[in-house]
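# Summary of structural features
Listed below are the residues making up each chain.
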Amino acid sequence: MKTFGYKLLAIILSLGFVLSSCVKEDDPTNNDQSILPSQFSIDVPNSISSQLANKSTQSDTLNGNEIYGHLRNFIAIGEGAATIVESIIGVISVYQINHAMNLTYTSDEDQREKNLVVLEEQSYEGQQFEFSMTISDAQSTTNADEGKGLQIFWNRQPIEGVAILKPYNINRDENLNQMNAIFKIEYSEVATSNYEKHMVVSIANLNNLNADPYYMKNLKMFVGKNSDIIDVYGNSDHPNANFFTNETGFDWAFVASSVESSDIGVAEVGLPSNDLNTYSRSAILVDNALQTVFSTQIGTLGYAQEDIDRFLYNTEAPGFFNRYGFVQGGTAPSSDYDAITSRISLLTPYNPYEIANLSVVFE
């Protein structure tokens, strides 16, 4: 089996920047409270979100961490995108942005001029927000994207907003290889019937930097928190991926639930074609369960069923995790997992076809 490897893109790690010229030291508004949101992401427990995956040392059985490690990695990528947006907001908050303003500064990262505009009473996709802030590359305002690097719309109480980030226009030096990559974070602390707060992370147009057949182009995931429980569901699109046959183009669809305090989790994974156009949970996660897809493909190669079953033993759904990673598949390790195991049956990934064609644009 080919290694299904993926590494968190450098763009998520290289976006910190300092707005050293945004506010003058003698500006009397420096002492006022910032109007920027104090939080814009949800932490996901390590049990279902981690950039680390153990490598298998066995040849006749597929290691659970080798498979489910990718699930945890994809969730970590989405979480990382939300975190970097929150971090940028945190950096900007130091400069006490507390009213509508319009200024230009020179970025310490790429030494290019950036425009920063804060407006009041703005709307995005039909929803009204108290404020918006747009940071753009001053030399690129005539481009199709108007040089926009970061655009945020938000309300303060309760916190609710949308942030769109195009790394290339924030830091040209670090993101030349990802000119079209764009992220969108929808965050809300407006309570719903199911969650006290939630976020939706969308990532589109990632480039395949290393000719990796398993690279991720797009991702969309939902994270909902209610007290000690965090639910996650979503999909990542891998247009060039193939496994045991020549069939290419797969969608890594997942649902997961975790207990924050004890850091345990449970997840179910589907591997449908990325052109499957359906909203059906059964079609995505049952008909195209990871174990089913792998078993069918390996079966075409002429292996005995008992050998296939042994190789795929750890892919039985659902998968159970603790803070260190995969524990076992199929049967819960203890009754501690009962509540979250029942929760994932109520979660459904997005339509794979829509994720393959995901688009994120600025207002």
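Preceding this paragraph is the structure being described.
Our subject in this report is the structure included herewith. (Residues numbered from 1 in each chain as written. Predicted model: local features only at pLDDT ≥ 70, side-chain atom pairs only at ≥ 80, totals over all residues. Heavy atoms only, no water.)

### Examining the overall build of the protein
To keep it simple, the criterion reads: A run of H or I in DSSP becomes a helix once it reaches four residues, and a run of E becomes a strand once it reaches two; helices and strands are each numbered from the N terminus. Burial classes: relative accessible area under 20% of the type maximum marks a residue as buried, over 50% as exposed, and values in between as partly exposed (1.4 Å probe, protein chains only). Contact criterion: two residues are considered in contact whenever any of their non-hydrogen atoms come within 4.5 Å of each other. Computed with a 1.4 Å probe, the accessible areas rest on the Shrake-Rupley method; for each residue, only the protein chains presented here act as cover.
Counting its secondary structure elements, the protein contains seven helices and 13 strands. Burial status across the protein gives 56% buried among its 363 residues. In the protein, of all internal contacts separated by at least 6 residues, the share reaching a separation of at least 24 is 61%. In the structure as shown, the protein presents an accessible area of about 15,700 Å², 45% of it carried by carbon and sulfur atoms.

### Digging into the packing of aromatic side chains
Formally: Pairs were defined over the aromatic rings of Phe, Tyr and Trp, the Trp ring being its six-membered one, requiring ring centres within 6.5 Å. Orientation was assigned from the angle between planes: stacked under 30 degrees, edge-to-face over 60, tilted for the rest. Whether a charge sits over a ring comes down to the Lys NZ or Arg CZ being within 6 Å of the ring centre and within 35 degrees of the ring normal.
What the rule picks out here adds up to 14 aromatic pairs. Taking the centre distance of 5.5 Å and the plane angle of 50 degrees together, the rings of tyrosine 233 and tyrosine 350 count as tilted. Taken as a pair, tyrosine 233 in strand β9 (residues 229–238) and tyrosine 350 in the loop between α6 (338–344) and α7 (352–356) lie far apart in primary sequence, 117 residues in all. Across this residue pair, the class does not change: tyrosine 233 and tyrosine 350 are buried. Members of the aromatic cluster, joined through ring pairs, are Tyr214, Phe243, Phe244, Phe250 and Phe294. Just above the ring of tyrosine 350 sits the side chain of lysine 220; from NZ or CZ to the centre is 4.7 Å.

### Some thoughts on the pairing of strand β6 (residues 182–188)
Short version of the rule: Pairing between strands is defined by DSSP: at least two bridges between the two strands are required.
Of all seven residues making up β6, six are buried, and the element is well covered by its neighbours. Of the pairings in the sheet, the one linking β6 to strand β7 (residues 197–204) comprises seven bridges and is antiparallel in character. By the bridge assignment, lysine 184 is partnered in β7 with serine 202.

### Quick word on unusual backbone geometry
Proline 158 follows glutamine 157 through a cis peptide bond whose omega is -10 degrees. Counting through the fold element by element, proline 158 comes out in the loop between β4 (148–155) and β5 (160–165). The linkage connecting alanine 317 with the following residue, proline 318, adopts the cis geometry, with an omega of -5 degrees. Turning to its location among the elements, proline 318 is positioned in the loop between α5 (305–311) and β12 (319–322). Phi angles above zero are rare outside glycine, and glutamate 146 is one such case at about 60 degrees. Examined against the element boundaries, glutamate 146 turns out to sit in the loop between β3 (127–137) and β4. With phi around 60 degrees, serine 227 is a residue other than glycine that occupies positive phi space.

### Concerning the nonpolar core
Put simply, the rule reads: Throughout, nonpolar core names a set of buried Ala, Val, Leu, Ile, Met, Phe, Trp, Tyr and Cys residues whose side chains join them through atoms within 4.5 Å.
If you look at the biggest cluster of nonpolar residues, it comprises 69 residues, and the most contacted ones within it are Leu71, Leu116, Met133, Val232, Trp252 and Phe294. It is helix α1 (residues 64–93) that provides the largest number of residues to this core, a total of twelve residues. Setting aside residues no more than four positions away along its own chain, valine 232 makes contact with Val44, Ile48, Ile75, Met221, Phe222, Val223, Phe254, Val255, Ala256 and Leu347. Judged by nonpolar contacts, the second largest core, of 19 residues, contains Ile229, Val255, Leu285 and Ile355.

### A look at the side chain of serine 132
Relative to the assigned elements, serine 132 resides in strand β3. When its relative accessible area of 5% is taken as the criterion, serine 132 is described as buried. When near neighbours in sequence (up to four residues on either side) are disregarded, serine 132 contacts Val117, Val118, Leu119, Gln122, Ile152, Phe153 and Trp154.

### Brief notes about the pattern of salt bridges
In plain terms, the rule: Each salt bridge in this description consists of a side-chain nitrogen of Lys or Arg and a carboxyl oxygen of Asp or Glu lying within 4 Å of one another.
This structure, assessed with the given rule, holds twelve salt bridges. Notably, a salt bridge pairs glutamate 146 with lysine 148, separated by 3.3 Å at the nearest N-O pair. On the accessibility criterion, glutamate 146 (40% relative accessible area) is partly exposed. With a relative accessible area of 10%, lysine 148 lands in the buried category. Each of the salt bridges in this network shares a partner with another, and the network as a whole consists of Asp110, Arg112, Lys114, Asp137 and Arg172.

### A closer look at the pairing of strand β10 (residues 250–259)
In terms of residue burial, β10 counts as a mostly covered element, since ten of its ten residues are buried. Burial of β10 is two-sided: the residues Phe250, Trp252, Phe254, Ala256 and Ser258 facing one way and the residues Asp251, Ala253, Val255, Ser257 and Val259 facing the other way are all buried. With ten bridges joining them, β9 and β10 adopt antiparallel strand pairing. Its bridge partner being in β10, isoleucine 229 is matched across the sheet by valine 259. Judged from the seven bridges that link them, β10 and strand β11 (residues 264–270) form a sheet pairing that is antiparallel. Looking at β11, one finds that alanine 253 is bridged to glycine 270.

### A look at the environment of asparagine 314
Counting through the fold element by element, asparagine 314 comes out in the loop between α5 and β12. With 23 residues separating them along the chain, asparagine 314 and glutamine 291 place their C-alpha atoms 8.8 Å apart.

Interpretation in functional terms is not warranted from these geometric data alone.
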